[in-house]
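Below, each chain spelled out in residue letters.
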Amino acid sequence: MLTDLLKKSTHTVVYTGAGMSTESGLPDFRSADTGLWENEDPTLVASTEALNRDVEKFFQFYRERVLGVKDCKPHKGYDILAKWEREGIVQSIITQNVDGFHEVAGSKKVMELHGTLQQVHCQTCGKTYGNEMYESEKFYCTCGGKLRPSVVLFGEGLPEDTFMQAVEESQKADLFIVLGSSLTVTPANQFPLLAKENGAKLIIINLEPTSFDPYADIVINDQKVGEVLEEMDRYLA
Ligand code: APR
C-alpha cells in the first residue's frame, strides 16, 4: 500500500521531525526519559530570553548539541530519501530538524523550518561563522556580540521565505509523508493538514500516536522510521 502510493504520486513531500535522527544517535525532544525537554526546560536554554539572561547556560546547552551533531551521522534512512529525490520519487523535504543531516546525506530541496546547528551568527551584527566556533568554545563575534546557532529560538518567528516555500510545497503535494514527529509545535505542525486540505494522501510514521493520526490515510506506530524506509526501498527496487 505505502509503496503503491509512492509509485502513483506525482508530487511527494516528506516532512521530518526529531524521530528521524534518533537512529543516528541524537535525542528527540519529547520521548519519555530520553527527550531533551524531559531534562531541560526549553525556555531556560533555547529561547531569546535565555540568550539574554543566562548566556553561559545557553552557550553550554547549544555547544553540547553542536558536538552531538558532529559526533553523529545520517543513518541509511537519510540516504534512501536522498536517493528517492534523485530518482524523482520524492520532490522535497520539509524538516523541523536543525542537524543538517538531510543535506549531509545529499538531499537538495530541503526546507529547514527551524534553521540549522551547522552555522552560528552574531546576535548583534549578524556575521555568520561555522559551528566549529562553538566546538572550540569561541562564543563571541569580532564585534563583541554574542554568537548563537542559526536555529529558531523559542520566542522567534520562522524564516519567512522557507515558511512560504513549505506552504507552496504542502499545497502542491499529492502525497505527504510525516517521519518521526509528535506534531505538537505550531506553526510547523500545520503543514500535514494543509497538504491534506489540498487533496494529498497523508501518511504518518511515528513511534507514538499523534493528534493528527485521525486525518491520516495510513498511520504506522509500531516501527522505526529507518526500518520502514529500508522496507519501502526494497519494495521499490
Ligand atoms: N522512528 C519513528 N518515530 C520515532 C523514532 C524512530 N526511530 N524516534 C522517535 N520517534 C518519535 C517519538 O515517539 C516522538 O513522537 O518521534 C517523535 C519526535 O517528537 P518530538 O521529540 O516532539 O520532536 P519534533 O516533533 O521534531 O519536535 C518539533 O519542537 O522543541 C521543538 O524545535 C524543536 O523542532 C523541534 C520541534
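The rules behind these values
Residues numbered from 1 in each chain as written. Predicted model: local features only at pLDDT ≥ 70, side-chain atom pairs only at ≥ 80, totals over all residues. Heavy atoms only, no water. Helix = DSSP H or I, 4+ residues; strand = E, 2+ residues; numbered from the N terminus. Contact = heavy atoms within 4.5 Å. Pairing = 2+ DSSP bridges. Axes fitted to C-alpha atoms, helices over the stretch in contact; angles between N-to-C directions. Near = heavy atom within 4 Å. Areas by Shrake-Rupley, 256 points an atom, 1.4 Å probe, with all protein chains shown as cover. Nonpolar A, V, L, I, M, F, W, Y, C, P; charged D, E, K, R; others polar. Domains from an automatic or database assignment.

Asks: Even after reading the chapter, I still don't get the environment of Y62, so can you show me in this structure?
Replies: Residue position: Y62 is located in helix α5 (residues 55-71). Separated by 17 residues in sequence, Y62 and V45 place their C-alpha atoms 8.2 Å apart. Dropping the residues within four chain positions of it, Y62 is found in contact with V45, A46, L117, Y134, P149, V151 and L153.

Asks: Looking at this structure, how should I read the sheet that holds strand β1 (residues 12-16)?
Replies: Think of a sheet as strands paired side by side through backbone hydrogen bonds, with each pair either parallel or antiparallel. Within the open sheet, the six strands sit side by side as β3-β2-β1-β7-β8-β9. Their pairing is parallel. Every other strand in the sheet has two partners, leaving β3 (110-112) and β9 (218-220) as the edge strands with one partner each. When the angles between neighbouring strand axes are averaged without regard to direction, this sheet yields 15°. By the bridge criterion, three bridges tie strand β2 (residues 92-95) to β3 in an arrangement that is parallel. The partner of I93 across the bridge, within β3, is V110. The strands touched by helix α9 (residues 160-172) are β1, β2, β3 and β7 (175-179); relative to β3, the strand with the most contacts, the crossing angle is about 130°.

Asks: Sorry if this is basic, but what is going on with the sheet that holds strand β6 (residues 147-151) here?
Replies: Read across the sheet, three strands follow the order β5-β4-β6 without closing on themselves; strand pairing throughout is antiparallel. With one partner strand each, in any of the chains shown, β5 (128-130) and β6 form the two edges of the open sheet. For this sheet, the mean inter-axis angle between neighbouring strands, taken without regard to orientation, is 45°. Looking at chain direction, strand β4 (residues 115-122) and β6 are connected through five bridges and run antiparallel. For G115, the partnering residue across the bridge sits in β6 and is V151.

Asks: Just to check I follow, could you spell out the site of the ligand for this structure?
Replies: Near the ligand you find 23 residues, and of these F29, R30, W37, S181 and S182 are the closest. If the ligand stood free it would expose 740 Å²; the protein chains cover 95% of that surface. Residue composition of the shell around the ligand, by class: eight nonpolar, 10 polar and five charged. Per-domain counts for the shell around the ligand show at least three residues from each of domain 1 (1-26 + 74-114 + 158-237) and domain 2 (28-71 + 115-151).

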